[in-house]
Amino acid sequence: GNDKGYSGWTAIVSVVIGKPPEAPTTWSSTTTAIVGEELRLYWLHNSADGSIEKSANIELTIDGVTENILQMSNNVREDQVSSYALSTSDYSEGAVIFWRVRTKGIVDEYGEWSVQRRINVYARPTLSIALTGSEGKDIEQLESFPIRVTGTAGPNTQTPIGYHLTVRANSAYETTDHIGNVKMVSKGEAVFSRYWDINEQLAVDLTAGDVDLENSIKYTVECTVSVNSGLTAQSTARFTVAWTD
């Protein structure tokens, strides 16, 4: 103050002290998505000034077309992890998604982009198996060896890399092995299990030397195919042993 009295208060100037966040840490629910399934992208805001995430910019590049999505950060979990749900229903088999994200804290400026990550979208693989007897007919009752097991995998845009075949007993029984020892087989026990490392359709013959089967017992054949997308498909078939001799 002076002899002319007090001057008015100076205007309050608000200064935010802070700096943009560092690049977020990112991951996704899967890196191999199946057409039609929801995919979730996750990131962790890496604050450089202690402030929480205010918004995120998600960049999606799908088959070469880029779009940016702004997400206000009102759904951040207690552990500060944010996420974005992405439906793959409209994507075609073989689509490729590249994504990255950057975040904003109290400072109205985005930090660095995260690393760009890739997700491949595939159709769900399929497998059908058939059991045929020595005359080439489908069998529900096995009267004699061999059993021909054929497996047809799809779609043809994905290549098989191997098949795992298992034969399980559907009920418990007592049997004798080839040298006369008594053996108990439990319900669900695998009496045969083998892997074939092949990149074509499956066609194998099981003989008496491969698998020991008991008369009147039902068995389930389980087959799993692994394909080059990293996905798998399964199929089962059942038969009852009815030896003719």
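Keep in mind that this is a model prediction, so the values were computed, not measured.

Quick look at the overall build of the protein chain
Right, so step 1: When helices and strands are tallied, the protein chain shows 0 helices and 18 strands.
Right, so step 2: Over its C-alpha atoms the protein chain spans a radius of gyration of 31 Å, topping by over 25% the 18 Å that the globule rule assigns to 245 residues.
Right, so step 3: When the backbone C-alpha atoms are referred to their principal axes, the protein chain occupies close to 125 × 40 × 25 Å.
Right, so step 4: Out of the 245 residues belonging to the protein chain, those deemed buried represent 38%.
Right, so step 5: If you sum the accessible surface of the protein chain, you get close to 14400 Å²; carbon and sulfur atoms cover 47% of it.

Some points on the nonpolar core
Right, so step 1: Ile-147, Leu-165, Tyr-219 and Phe-239 are the most contacted members of the largest nonpolar core, which has 34 residues in total.
Right, so step 2: Sort the elements by how many residues they give to this core and strand 17 (residues 218–227) lands first, with 5 residues.
Right, so step 3: Ignoring any residue separated from it by four or fewer positions in sequence, one finds Leu-165 in contact with Val-149, Phe-192, Ser-193, Arg-194, Trp-196, Val-204, Leu-206, Val-221, Glu-222 and Cys-223.
Right, so step 4: Residues Leu-39, Leu-60, Val-101 and Ile-119 belong to the second largest nonpolar core, which totals 18 residues.

Describing the packing of aromatic side chains
Aromatic rings considered in pairs are described by the distance between their centres and by the relative angle of their planes.
Right, so step 1: Enumeration according to the criterion identifies 5 aromatic pairs in this entry.
Right, so step 2: Ring centres 5.7 Å apart and planes at 15 degrees place the aromatic pair Trp-27 and Tyr-42 in the stacked group. Of this pair, Trp-27 sits in strand 1 (residues 22–28) while Tyr-42 sits in strand 3 (residues 38–46), placing them 15 residues apart in sequence.
Right, so step 3: The exposure class assigned to Tyr-42 is buried, which follows from its relative accessible area of 18%.
Right, so step 4: On the numbers, 6.4 Å between centres and 35 degrees between planes, the contact of Phe-192 with Trp-196 is tilted.

Cut-offs applied
Residues numbered from 1 in each chain as written. Predicted model: local features only at pLDDT ≥ 70, side-chain atom pairs only at ≥ 80, totals over all residues. Heavy atoms only, no water. Helix = DSSP H or I, 4+ residues; strand = E, 2+ residues; numbered from the N terminus. Rg over C-alpha atoms; globule rule 2.2 N^0.38 Å. Buried < 20%, exposed > 50% of the residue type's maximum accessible area, 1.4 Å probe, protein only. Areas by Shrake-Rupley, 256 points an atom, 1.4 Å probe, with all protein chains shown as cover. Core = buried A, V, L, I, M, F, W, Y, C linked by side-chain atoms within 4.5 Å. Contact = heavy atoms within 4.5 Å. Phe/Tyr/Trp six-rings, centres within 6.5 Å; stacked < 30°, edge-to-face > 60°.

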